[in-house]
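# Descriptive structure summary
Residue strings, one per chain:
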Amino acid sequence: MLRLVIAFGFAQAAVSMARPAVSYRALALGADERAVGVIAGVYALLPLFAAVPLGRRTDFGRCAPLLPVGVVLISGGCALSGTADSLAAMAAWSGVMGLGHLCFVIGAQSIVARQSAPAEQDRNFGHFTIGASLGQLVGPVAAGLLVSGHDGAMARTSALALVVSAGVAAVSFTSLWRIEHRSRGAARAGHAAKVPVHRILRTRGVPAGIFISLAVLSATDVLTAYLPVVGEHRGIAPSVVGLLLSLRAAATIACRLVMTPMIRLLGRTALMTLTCVLAALLCAGVAFPVPVWALALMLALLGFCLGVGQPLSMTTVVQASPPQARSTALALRLTGNRFGQVAAPASAGLVAGVAGTAAPFLMLGVLLLGAAGLALRGRRSDAPGGPSGSGESGGAGGGGAASLGRQTPAVGQSGHI
């Protein structure tokens, strides 16, 4: 488990370092707001079509082979983005990077679920999530330190940041040896029964969990892609932008460390609804030309609020889905996430091209308000202080919307991805 967390930390740090560096390199190559949005969206385009087949594969076979494949694709996508000299090439290699990240995430999450005893799953998923958040904390700071726009050097320094991120991803290889028990994977493959995708999607609670996850991740993704653009327009140095993005990631870690007492105090539904509403207001606040210190405060609060959505939405999907199709259900959730990563940045680029760089953040506010409305639908099932969900219960018809109202003892629960 520790080696898996270390490997994912380096892989996530590489991606978190590369995403803002891609935006800066695109700007240096002459991209406008629309082009930045399209390039950010292509990152999720290939994963949009690959998630479900990869989920099926992990339900019926081993997970570990996906991890080195993911690292190779991440590292290659980062390095080739740094050497690309056209926006079309950058978009293509950004898609390769996104496909590698998807491979790694599906394989890693399935390993955690498969090799953890029921009583250990909450703890292990919590550790896995915090490890990923640490990668998100380090990556933007490293990108900000390497990227410089002085004397027209942004094209060169952003390329350097992308090449360095490729090396960071490659470090993951040092922790991937013998990371899965072959016998357990084989036993699961032998007893798995294929569950139709439409049955999983019709399970009560799964669509709501997917949309909430989509909204929260879209907010994080657009923020990562467009804060460099906002910084350029407002004269904020890349190093400061990197610190601001890392501040958001640190707040997300803090949120997941105190998840359990917050659920006990408010209940799952109220917590989800409240944080989505606050995140919507804070996203709208980023659109205004506030001082850097106020922007830092808003991003810290926003990161704290966004830290709730991903763990609880994953718990909802896992509890609602059939036990023999949980990898596929998680892959469907990731498909929703990647759809948001395609649609949200592309829409943000169109909106920014028409209404300015602040408009995408207003769009995110509306999306998060929609997620809050879906979370509120589970209010009748909310029961602060009630029984906790283990993450192992629930078949095809169980859990669902009701699971939004259950407690969970996990710190950070499952992945933010």
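Residues numbered from 1 in each chain as written. Predicted model: local features only at pLDDT ≥ 70, side-chain atom pairs only at ≥ 80, totals over all residues. Heavy atoms only, no water.

### Overview of the overall build of the protein chain
Inclusion rule: What counts as a helix is a DSSP run of H or I of at least four residues, what counts as a strand is a run of E of at least two, and both are numbered from the N terminus. For each residue, the accessible area found with a 1.4 Å probe, counting protein chains only, is set against the maximum for its type, and the residue is called buried under 20%, exposed over 50%, and partly exposed in between. Note on definitions: a residue-residue contact is assigned when non-hydrogen atoms from the two residues lie within 4.5 Å. The Shrake-Rupley method, run with a 1.4 Å probe, gives the accessible areas here. Residue values count only the displayed protein chains as cover.
Of the regular secondary structure elements, the protein chain holds 16 helices and zero strands. Scored against the burial criterion, the 417 residues of the protein chain give a buried share of 60%. Sequence separation of 24 or more characterises 85% of the internal contacts of the protein chain that already satisfy a separation of 6 or more. If you sum the accessible surface of the protein chain, you get close to 14,700 Å²; carbon and sulfur atoms cover 69% of it.

### A closer look at the packing of aromatic side chains
Definition in use: Ring pairs shown here join Phe, Tyr and Trp side chains whose ring centres sit within 6.5 Å, with only the six-membered ring taken for Trp; geometry is labelled stacked below 30 degrees between planes, edge-to-face above 60, and tilted in between. Geometrically, a lysine NZ or arginine CZ counts as sitting over a ring once it is within 6 Å of the ring centre and also within 35 degrees of the ring normal.
Following the criterion strictly, the structure yields one aromatic pair and no others. Between phenylalanine 8 and phenylalanine 104 the ring centres are 5.5 Å apart and the planes differ by 15°, which places this aromatic pair in the stacked class. Remark: phenylalanine 104 occurs in helix H5 (residues 87–115) and phenylalanine 8 occurs in helix H1 (residues 2–28); sequence separation between them is 96 residues. Look at phenylalanine 8 and you get buried, because its relative accessible area is 0%. Phenylalanine 104 gets classed as buried once you look at its relative accessible area, which sits at 0%. Sitting over the ring of tyrosine 43, arginine 19 keeps its end group 3.8 Å from the ring centre.

### Here's the deal with the nonpolar core
Operational definition: Among buried residues, the Ala, Val, Leu, Ile, Met, Phe, Trp, Tyr and Cys ones that are joined through side-chain atoms within 4.5 Å form a nonpolar core.
Counting residues in hydrophobic clusters, the biggest one holds 99 residues, and the most contacted among them are Leu4, Leu67, Phe104, Leu299, Leu302, Phe361 and Leu368. The residues contacting phenylalanine 104, other than those within four sequence positions of it, are Ala7, Phe8, Ala11, Leu66, Leu67, Gly70, Val71 and Leu176. Judged by nonpolar contacts, the second largest core, of nine residues, contains Ile210, Val317, Ala325 and Ala329.

### Remarks on the side chain of arginine 248
Within the fold, arginine 248 resides in helix H11 (residues 238–257). Apart from the residues lying within four places of it in its own chain, the contact partners of arginine 248 are Gln136, Thr220, Leu223, Leu299 and Gly303.

### Considerations on the confidence of the model for the protein chain
This is how the line gets drawn: You can read pLDDT as the predictor saying how much it trusts each residue, on a scale of 0 to 100.
Of all residues in the protein chain, 80% attain a pLDDT of 70 or more, and the chain-wide mean is 76. For the protein chain, the element scoring lowest by mean pLDDT is helix H8 (residues 182–191), at 48; helix H4 (residues 66–83) scores highest, at 90. Here residues 183–190 is modelled with pLDDT under 50, and outside its nearest four sequence neighbours on either side it reaches 13 contacts, counting other chains as well. In the model, residues 380–416 has pLDDT below 50 throughout and makes 133 contacts with residues more than four positions away in sequence or in other chains.

### Here we look at the packing of helix H10 (residues 206–234) against helix H16 (residues 359–376)
The line we're drawing: For helices, the fitted line uses only the C-alpha atoms of the stretch in contact; every axis is such a line through C-alpha atoms, and the angle between N-to-C directions lies from 0 to 180 degrees. Oblique is the label for every angle not falling under 35 degrees (roughly parallel), over 145 degrees (roughly antiparallel), or within 65 to 115 degrees (roughly perpendicular). In a left-handed crossing the near helix is turned counterclockwise from the far helix by less than a right angle, and in a right-handed crossing that turn is clockwise. Gly counts as polar in this scheme, as do all residues outside two lists: the nonpolar Ala, Val, Leu, Ile, Met, Phe, Trp, Tyr, Cys and Pro, and the charged Asp, Glu, Lys and Arg.
Contact pair H10 / H16: the axes reach a minimum separation of 9 Å and the direction vectors enclose 165°. Here H10 lies roughly antiparallel to H16, going by the angle between them. The interaxial crossing formed by H10 with H16 has left-handed handedness. Along its contact with H10, which presents Ala208, Phe211, Ile212, Leu214, Ala215, Val216, Ser218, Ala219, Val222, Leu223, Tyr226 and Val230, the element H16 presents Pro360, Phe361, Leu364, Leu367, Leu368, Gly370, Ala371, Leu374 and Ala375. Its residues assigned to classes, the contact of H10 with H16 shows 19 nonpolar, two polar and no charged.

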